Amino acid sequence: MTTAADLGNGQSPIDITDWVASAEAAPEIAYGSDAIRVERVQGLPMIHFDRGSELLLGDDRFRLLQLHWHTPAEHTIDADEFDAEVHFVHINQRDELLVVGVVYRVGDGDQSLQRIIDQTPAAGQEDGVVPSLSAADHAPQSNGFYHYTGSLTAAPFSEPVQWYLARTTGTLSRRQFEQLQALTGGPNARPLQARNERSIVCVGCIGS
Ligand SMILES: [Zn+2]
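Bear in mind the structure is a predicted one, so any value in this text is a computation, not a measurement.

Reading the values: the criteria
Residues numbered from 1 in each chain as written. Predicted model: local features only at pLDDT ≥ 70, side-chain atom pairs only at ≥ 80, totals over all residues. Heavy atoms only, no water. Phe/Tyr/Trp six-rings, centres within 6.5 Å; stacked < 30°, edge-to-face > 60°. Helix = DSSP H or I, 4+ residues; strand = E, 2+ residues; numbered from the N terminus. Buried < 20%, exposed > 50% of the residue type's maximum accessible area, 1.4 Å probe, protein only. Donors = N, O, S within 2.8 Å, 3.2 Å for Na, K, Ca; no water. Contact = heavy atoms within 4.5 Å. Disulfide = S-S within 2.5 Å. Core = buried A, V, L, I, M, F, W, Y, C linked by side-chain atoms within 4.5 Å. Arc of directions from axis to C-beta. Polar contact = N/O pair within 3.5 Å; in protein donor to acceptor, adjacent residues only side chain to side chain. Axes fitted to C-alpha atoms, helices over the stretch in contact; angles between N-to-C directions. Left-handed = near helix turned anticlockwise from the far one by under 90°. Nonpolar A, V, L, I, M, F, W, Y, C, P; charged D, E, K, R; others polar.

### Looking at the packing of aromatic side chains
Applying the stated rule across the entire model yields 4 aromatic pairs. Ring centres of Trp-69 and Tyr-104 lie 5.1 Å apart, and the angle between their planes is 55°; on these two criteria the pair is classed as tilted. A residue pair is termed long-range when its members are at least 10 positions apart, and Trp-69 in strand E7 (residues 60-70) and Tyr-104 in strand E10 (residues 97-106) qualify at 35 residues. Accessibility expressed as a relative area gives 6% for Trp-69, which makes it buried. On the basis of relative accessible area, Tyr-104 is assigned to the buried category, the value being 12%.

### Quick notes on the coordination of the zinc ion
Listed as protein donors to the zinc ion are His-68 (NE2), His-70 (NE2) and His-87 (ND1); their distances from the metal cover 2.0 to 2.1 Å. Site description for the zinc ion: donor spacing in sequence, H-x1-H-x16-H. Remark: His-87 occurs in strand E9 (residues 84-91) and His-70 occurs in strand E7; sequence separation between them is 17 residues. Taken individually, His-70 and His-87 each receive the classification buried, so the pair is uniform in this respect.

### Re the environment of Ser-158
Position of Ser-158 relative to the elements: it lies in the loop between strand E11 (145-150) and strand E12 (161-166). Ser-158 sits 147 residues away from Gln-11 along the chain, and the two C-alpha atoms are 8.3 Å apart. Ignoring anything within four residues of it in the chain, the contact list for Ser-158 reads Gly-150, Ser-151 and Leu-152.

### A few points about the state of the cysteines
Applying the stated rule across the entire model yields 1 disulfide. Note that Cys-202 is cross-linked by a disulfide to Cys-205, the S-S spacing being 1.9 Å. An S-S torsion of about -50° defines the bridge between Cys-202 and Cys-205 as left-handed. Of the two residues, Cys-202 and Cys-205, neither departs from the other in class, the shared state being buried.

### Let's talk about the nonpolar core
Ranked by internal contacts, the top residues of the largest apolar core, which has 32 residues, are Ile-47, Leu-67, Trp-69 and Phe-88. Other than its neighbours up to four places away in sequence, Trp-69 contacts Leu-44, Ala-84, Glu-85, Val-86, Tyr-104, Leu-113, Ile-116, Leu-180, Thr-184 and Asn-188. In this structure, Ile-14, Ile-16, Ala-73 and Cys-202 belong to the second largest nonpolar core, which totals 16 residues.

### A short note on helix H2 (residues 174-184)
For H2, the full list of buried residues reads Gln-176, Phe-177, Gln-179, Leu-180, Leu-183 and Thr-184. The buried side chains of H2 occupy one side of the element, clustering within an arc of 165° when seen end-on. Residues of H2 that are exposed and point over 90 degrees away from its buried face: Arg-175 and Ala-182. Following H2 by one or two positions, Gly-185 has its phi on the positive side, about 60°.

### Quick look at the environment of Leu-183
With respect to the helices and strands, Leu-183 occurs in helix H2. Along the chain, Leu-183 and Leu-44 lie 139 residues apart, while their C-alpha atoms are 7.8 Å from each other.

### Regarding the side chain of His-68
Inspection of the secondary structure puts His-68 in strand E7. Within the structure, the side chain of His-68 is placed 2.9 Å from the side chain of Gln-66, a separation counted as a polar contact. A polar contact is formed between the side chain of His-68 and the side chain of His-70, at a distance of 3.2 Å. Ignoring sequence-local partners within four residues, the contact set of His-68 consists of Leu-44, Pro-45, Met-46, Glu-85, Val-86, His-87 and Val-89.

### Examining the packing of helix H1 (residues 111-119) against H2
For the pair H1 and H2, interaxial distance at closest approach is 11 Å and the crossing angle is 35°. Two packed elements cross with a definite hand, and for H1 against H2 that hand is left-handed. Here Leu-113, Gln-114 and Ile-117 of H1 lie close against H2, whose contacting residues are Gln-176, Gln-179, Leu-180 and Leu-183. Across the contact of H1 with H2, the residue classes break down as 4 nonpolar, 3 polar and no charged.

Shown next, in the form of structure tokens:
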């Protein structure tokens with residue numbers, strides 16, 4: 001059992017604020033594979049993807065493992081709270097983790113999200129289910145990403161995880177929010193963690 005005392009000083013989520021624009025590489029997303037299975041971990045349905053969906057970061061190459069949702073959102077932006085957050089979890093050849101997050105607010109419905117909702121089995125029904133989803137149809141698109149070094153937001157809260165939170169936020173309908181909560185057994189957002197001495201940069205944000 002992991003206790004608070006075992007955790008480092010670089011935990012997630014945090015409030016995204018006081019960032020500086022940076023010329024560091026921004027993620028280039030090149031997804032091109034299909035979903036292969038669903039696994040429920042601590043109640044969250046994780047949709048796993050086949051090899052072939054990549055995220056390039058400078059010379060580094062990560063592959064997409066899975067995506068999953070939290071309700072409400074975990075990260076805040078300038079203390080603004082959001083209603084849902086999707087996490088795209090990637091890994092490179094050195095087993096380093098990189099997560100791209102996108103936060104959503106209740107508003108207009110989102111067709112891409114509806115397809116994910118429709119293809120996600122209810123709790124206990126995931127065995128043998130292969131969702132009909134192509135990662136390319138759901139790739140995050142953003143005008144820049146907030147980047148900091150954090151952790152997994154569920155046990156074992158491993159550090160480090162390279163976080164890239166999309167600066168472009170999304171909307172989902174009230175009904176979609178309720179469907180997501182039902183599918184994920186929410187609320188399931190980890191509380192905000194101390195930022196400590198960490199810096200936050202915005203990549204792909206210069207001049208915009
Ligand atoms: Zn997550």
